[in-house]
Amino acid sequence: MTLFYVFAGVAVVTSLLVIAQRNPIYSVLLLVASFGALSGLYVLLDAPFVAAIQIIIYAGAIMVLFLFVVMLLNAPHEDTEYDERTHPLARPGPTRAGSLLAVALVVELVWALTRAGEAPSPFPEAGLSSIAAIGRALFTEYAFPFEVTSILILVAMVGAVVLARRDERARK
Amino acid sequence: MPTLTDYLVLSALLFSIGATGVFVRRNLITILLSIEIMLNAVNLTFVAFGRALGEVDGQIIVFFVITVAAAEAAVGLAIVIALFRHRESLNPDSFTMLKW
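Residues numbered from 1 in each chain as written. Chains lettered and ligands numbered in written order. Predicted model: local features only at pLDDT ≥ 70, side-chain atom pairs only at ≥ 80, totals over all residues. Heavy atoms only, no water.

## What to know about the side chain of A:Ser39
Residues and elements named next belong to chain A.
Okay, so step 1: With respect to the helices and strands, the residue Ser39 is situated in helix 2 (residues 24-44).
Okay, so step 2: Judged by relative accessible area, which is 8%, Ser39 ranks as buried.
Okay, so step 3: Beyond its immediate chain neighbours, meaning those up to four positions away, Ser39 contacts Ala51, Gln54 and Ile55. (Helix = DSSP H or I, 4+ residues; strand = E, 2+ residues; numbered from the N terminus. Buried < 20%, exposed > 50% of the residue type's maximum accessible area, 1.4 Å probe, protein only. Contact = heavy atoms within 4.5 Å.)

## Quick word on the interface of chain A and chain B
Okay, so step 1: On the chain B side, the residues contacting the 80 residues of chain A number 68 residues.
Okay, so step 2: Counting each side, the surface lost to burial between chain A and chain B is near 6600 Å², with a carbon and sulfur contribution of 78%.
Okay, so step 3: Contact with chain B buries area across many residues of chain A, yet A:Phe66, A:Leu73 and A:Phe123 alone supply 11% of it, more than any other trio.
Okay, so step 4: Counting across the chain A and chain B interface gives zero salt bridges.
Okay, so step 5: Here chain A and chain B share six residue pairs in polar contact (both at pLDDT 80 or more) between them.
Okay, so step 6: Breaking the side of chain A that touches chain B down by element, the ones donating at least two residues are helix 1 (2-20), helix 2, helix 3 (48-73), helix 5 (94-114), helix 6 (131-139) and helix 7 (143-164) of chain A.
Okay, so step 7: The element best represented in the side of chain A that touches chain B is helix 3 of chain A, accounting for 14 residues.
Okay, so step 8: Partitioning the side of chain A that touches chain B into residue classes produces 60 nonpolar, 11 polar and nine charged. (Buried area = accessible area lost by both parts, 1.4 Å probe. Salt bridge = Lys/Arg side-chain N within 4 Å of Asp/Glu carboxyl O. Polar contact = N/O pair within 3.5 Å; in protein donor to acceptor, adjacent residues only side chain to side chain. Nonpolar A, V, L, I, M, F, W, Y, C, P; charged D, E, K, R; others polar.)

## Here's the deal with unusual backbone geometry
All names here are of chain A.
Okay, so step 1: A positive phi angle is found at Asp46, which is not glycine, with a value near 65 degrees.
Okay, so step 2: Examined against the element boundaries, Asp46 turns out to sit in the loop between helix 2 and helix 3.
Okay, so step 3: The partly exposed category is assigned to Asp46, whose relative accessible area is 28%.

## Things to note about the confidence of the model for chain B
All names here are of chain B.
Okay, so step 1: Mean pLDDT over chain B works out to 88, with 100% of the residues at or above the 70 mark.
Okay, so step 2: Helix 2 (residues 28-53) holds the highest mean pLDDT among the elements of chain B, 92, whereas helix 1 (residues 4-24) holds the lowest, 87.
Okay, so step 3: Interface confidence in the predicted complex, given as ipTM, is 0.90; pTM for the same model is 0.86. (pLDDT = per-residue confidence, 0-100.)

## With respect to helix 7 of chain A
Okay, so step 1: With 22 residues, helix 7 of chain A should cover 32 Å at 1.5 Å per step; its first-to-last C-alpha distance of 32 Å lies within 8% of that length.
Okay, so step 2: Among the residues of helix 7 of chain A, those classed as buried are A:Thr149, A:Ala156 and A:Ala160. Buried residues of helix 7 of chain A, viewed axially, fall in a sector of 30 degrees; they line one side. Across from the buried face of helix 7 of chain A, at angles greater than 90 degrees, the exposed residues are A:Phe144, A:Ile151, A:Val155 and A:Val161.
Okay, so step 3: Packed against the buried residues of helix 7 of chain A are helix 3 (57-87) of chain B. (Expected span 1.5 Å × (residues − 1). Arc of directions from axis to C-beta.)

## Remarks on the side chain of B:Asn43
Okay, so step 1: On the secondary structure map, B:Asn43 appears in helix 2.
Okay, so step 2: Residues contacting B:Asn43, with those up to four places away along its chain left out, are A:Tyr42, A:Tyr58, B:Val62, B:Val65 and B:Ile66.

## Some points on the environment of B:Ile31
Residue and element names in this part refer to chain B.
Okay, so step 1: Looking at where Ile31 falls in the secondary structure, it is placed in helix 2.
Okay, so step 2: Residue Ile31 is classed as buried on the basis of its relative accessible area of 13%.
Okay, so step 3: In this structure Ile31 touches Gly21, Val22, Arg25, Arg26 and Pro92, once residues within four positions along its chain are discounted.

## A few points about the nonpolar core
Soluble globular proteins tend to bury their nonpolar side chains together.
Okay, so step 1: Membership of the largest hydrophobic core comes to 61 residues, with the highest contact counts inside it found for A:Phe66 and B:Ile29.
Okay, so step 2: Elements supplying a minimum of two residues to this core: helix 1, helix 2, helix 3 and helix 6 of chain A together with helix 1, helix 2 and helix 3 of chain B.
Okay, so step 3: Not counting chain neighbours up to four residues away, the residues in contact with A:Phe66 comprise A:Val28, B:Ile29, B:Leu32, B:Leu33, B:Glu36, B:Ala73 and B:Leu77. (Core = buried A, V, L, I, M, F, W, Y, C linked by side-chain atoms within 4.5 Å.)

## Considerations on the packing of helix 2 of chain A against helix 3 of chain A
All names here are of chain A.
Okay, so step 1: Closest axis-to-axis distance for the helix 2/helix 3 pair is 9 Å, and the angle between their directions is 175 degrees. Considering the angle they form, helix 2 stands roughly antiparallel to helix 3. The segment helix 2 lies against helix 3, with Pro24, Ile25, Val28, Leu29, Leu31, Val32, Phe35, Gly36, Leu38, Ser39, Tyr42 and Val43 engaging Val50, Ala51, Gln54, Ile55, Tyr58, Ala59, Met63, Phe66, Leu67, Val70 and Met71.
Okay, so step 2: Its residues assigned to classes, the contact of helix 2 with helix 3 comprises 20 nonpolar, three polar and no charged. (Axes fitted to C-alpha atoms, helices over the stretch in contact; angles between N-to-C directions. Parallel < 35°, antiparallel > 145°, perpendicular 65-115°, else oblique.)

Take a look at the structure:
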């Protein structure tokens with residue numbers, strides 16, 4: 001009960017700080033904290049498999065990739081002097097339209113959730129989400145999407161290498 | 001005991017925070033991070049509904065979402081590196097060549 005609110009609070013606060021930070025390195029590290037809190041929520045939801053891959057793949061692999069690129073580009077701050085002076089969340093101009101859209105989204109989501117119908121039911125007692133059940137479903141019912149995933153990863157890997165490579169012809 | 005609605009409200013909050021980041025921030029890396037926040041909000045919804053329905057399908061979809069997110073991060077960051085080489089900037093407003 002209290003654990004839910006602790007994890008939820010940590011997730012929301014760190015996510016807010018992610019988009020309020022000037023320095024992308026802090027944003028990435030705060031997002032890792034947010035993912036840790038979400039992982040705790042997955043444990044509360046009786047989903048230890050998702051909690052584990054959340055930590056290993058998201059916080060471990062993807063965020064390290066982000067951190068690596070932030071440090072490789074070595075551009076921690078926004079580039080113009082105007083950007084240096086104003087806080088990213090407190091800028092006029094195009095930001096206003098974006099804030100309006102964001103507020104509209106929040107209003108819509110709250111409206112949808114309050115109109116969601118019958119009273120919320122507590123979760124059923126016995127969760128059946130054992131890792132064995134996930135593995136069985138993954139390799140029988142979802143075998144085809146699983147194999148397609150491997151092709152997706154291969155394509156992404158080749159694409160990333162091609163995109164990030166220096167163009168040799170342009171340098172000659 | 002937190003109910004399904006609590007998880008959905010939390011997920012909606014996180015999704016809105018991520019969307020706000022995409023709309024408001026002018027830094028390519030932060031925008032990609034905001035997209036990750038939104039993907040995680042959706043994952044939370046999937047797991048919560050899977051728990052409420054007593055099925056594992058929600059967790060399997062989360063597995064696929066995380067895989068796609070990894071591919072997206074790899075390709076997206078490669079594009080960011082290529083763009084930074086051209087313009088020495090991470091501000092999306094400086095990439096307007098395709099704008100008419």
